[in-house]
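# Overview (structure and organization)
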Amino acid sequence: QVQLEESGGGSVQAGGSLRLSCAASGYTFTHYCMGWFRQSPGKEREEVAIIYSDLRTTYATSVKGRFTISKDNAENTLYLEMNSLKPEDTAMYYCVTEVVPGRCFLKTDGFWGQGTQVTVSS
């Protein structure tokens, strides 16, 4: 079955960097849309970054220019490089994958990982 294992979260000072990883198993994600979402207390889950099977990417306005989403198809691993971190980036970050090739309804129909906490202090 599909499994997502996230790692790389932690506590960092403002201006620092982190790299989140999501190791997928149980399927080959070459043809699947994947992404990162985040959620802070009192807020809805929000889209951070999406990568499509053709390698097109989209980013939330708040992270554009600071975060980079990428994937290694051979290793079935998704990454989120986060630079110039700000306190407002503090959230639980989730790796999400589609389970239907050629579709990208991640927020509503995606398969979610367990989440990894990112805390940015000033």
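Residues numbered from 1 in each chain as written. Predicted model: local features only at pLDDT ≥ 70, side-chain atom pairs only at ≥ 80, totals over all residues. Heavy atoms only, no water.

## Things to note about a nonpolar patch on the surface
Among the surface-exposed residues, Val99, Val100 and Phe111 lie close enough to one another that they form a single nonpolar patch of about 200 Å² accessible area. Along the chain, Phe111 turns up in strand 10 (residues 111–112). (Patch = residues over 30% accessible without salt bridge, like charges linked within 9 Å, V, L, I, M, F, W, Y side chains within 5 Å. Areas by Shrake-Rupley, 256 points an atom, 1.4 Å probe, with all protein chains shown as cover. Salt bridge = Lys/Arg side-chain N within 4 Å of Asp/Glu carboxyl O. Helix = DSSP H or I, 4+ residues; strand = E, 2+ residues; numbered from the N terminus.)

## Focus on the environment of Thr57
As for its position among the elements, Thr57 is in strand 6 (residues 57–59). Between the C-alpha atom of Thr57 and that of Ser11, which follows or precedes it by 46 residues, the distance is 27 Å. Those residues in contact with Thr57 that sit more than four places away from it in its chain are Ile50, Ile51, Tyr52 and Ile69. (Contact = heavy atoms within 4.5 Å.)

## Re the pattern of salt bridges
Enumeration over the complete set of coordinates arrives at 7 salt bridges. Across the pair Glu46 and Lys43 runs a salt bridge, and its minimum N-O distance is 3.8 Å. Accessibility expressed as a relative area gives 43% for Lys43, which makes it partly exposed. One salt bridge in this structure joins Arg66 and Asp89, with 2.8 Å as the shortest N-O distance. You can see Arg66 sitting in the loop between strand 6 and strand 7 (67–72) and its partner Asp89 sitting in the loop between strand 8 (77–82) and strand 9 (91–97), a full 23 residues away along the chain. (Buried < 20%, exposed > 50% of the residue type's maximum accessible area, 1.4 Å probe, protein only.)

## Section: the sheet that holds strand 3 (residues 18–25)
Whenever strands of a sheet pair, they do so through backbone hydrogen bonds, lying parallel or antiparallel. Taken in spatial order, the 4 strands make up an open sheet running 1-3-8-7, and their pairing is antiparallel. Each edge of the open sheet is held by one strand with a lone partner, namely strand 1 (3–7) and strand 7. Going from strand to strand, the sheet's axes swing by 15 degrees on average, the running direction of each strand aside. Direction of pairing for strand 7 relative to strand 8: antiparallel, over a ladder of 6 bridges. Looking across to strand 8, one finds that Thr68 is bridged to Glu81. (Pairing = 2+ DSSP bridges. Axes fitted to C-alpha atoms, helices over the stretch in contact; angles between N-to-C directions.)

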